[in-house]
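An overview of the molecular structure
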Amino acid sequence: SDWSSDVCSSDLQELVVGRHADQTGLALPKDAGLSRRHFLVRHGAGSCILEDLKSRNGTAINRPEQRVQQHVLRDGDLILAGSHVFVFLDHGRQQ
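Residues numbered from 1 in each chain as written. Predicted model: local features only at pLDDT ≥ 70, side-chain atom pairs only at ≥ 80, totals over all residues. Heavy atoms only, no water.

**Some points on the environment of Glu65**
Checked against the element boundaries, Glu65 lands in the loop between β5 (59-61) and β6 (67-68). Within the structure, Glu65 has its side chain in polar contact with the side chain of Arg63 (distance 3.0 Å). (Helix = DSSP H or I, 4+ residues; strand = E, 2+ residues; numbered from the N terminus. Polar contact = N/O pair within 3.5 Å; in protein donor to acceptor, adjacent residues only side chain to side chain.)

**Remarks on the sheet that holds strand β7 (residues 70-72)**
Within the open sheet, the five strands sit side by side as β2-β1-β3-β4-β7. Their pairing is mixed. With one partner strand each, in any of the chains shown, β2 (26-27) and β7 form the two edges of the open sheet. (Pairing = 2+ DSSP bridges.)

**Thoughts on the pairing of strand β4 (residues 47-52)**
Both faces of the sheet carry side chains from a regular strand, because those side chains alternate between them. Counting buried residues in β4 gives five out of six residues, a clear majority hidden from the surface. Alignment of strand β3 (residues 39-44) against β4, held across six bridges, turns out to be antiparallel. Bridged to Val41 within β4 is Leu50. The turn joining β3 and β4, which pair antiparallel and follow one another in sequence, is formed by two residues; a positive phi near 55 degrees is taken by Ala45. (Buried < 20%, exposed > 50% of the residue type's maximum accessible area, 1.4 Å probe, protein only.)

**With respect to the nonpolar core**
Judged by nonpolar contacts, the single largest core of 15 residues is most densely connected at Val17, Phe39, Leu50, Ile61, Leu73, Ile79 and Phe86. Residue assignment for this core shows that the elements contributing at least two residues are β1 (14-18), β3, β4 and β8 (78-81). (Core = buried A, V, L, I, M, F, W, Y, C linked by side-chain atoms within 4.5 Å.)

**Points about the sheet that holds strand β9 (residues 84-87)**
Across the sheet, which stays open at both edges, the four strands sit in the order β6-β5-β8-β9 with antiparallel pairing between neighbours. Only two strands of the sheet have a single partner each, and these edge strands are β6 and β9. Across four bridges, the pairing between β8 and β9 is antiparallel. Bridge pairing in β9 places Ile79 opposite Phe86.

**Comments concerning the environment of Cys48**
Turning to its location among the elements, Cys48 is positioned in strand β4. Judged by its relative accessible area of 2%, Cys48 is buried. A C-alpha to C-alpha distance of 6.0 Å links Cys48 and Val72, two positions 24 residues apart in sequence.

Have a look at this one:
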């Protein structure tokens, strides 16, 4: 799913991912490895920024050992959280 590209549109400013995400979030209630509010992706300064929300098991980019608190996402980045792997796609956004 390319939900993350929608986050960086002018319509949606941030997306929370977790077991119990809010109305504008992505809820994955069956993933015990995710915190209730695990991470968010938000639009900021012409880019998309991932922020770990002090999750229990952490959020990693591209490799399990590369845990981050905050990361500027680039096209093709893998976001590892719980038992899920998300792919960030930047569909040729103008910089």
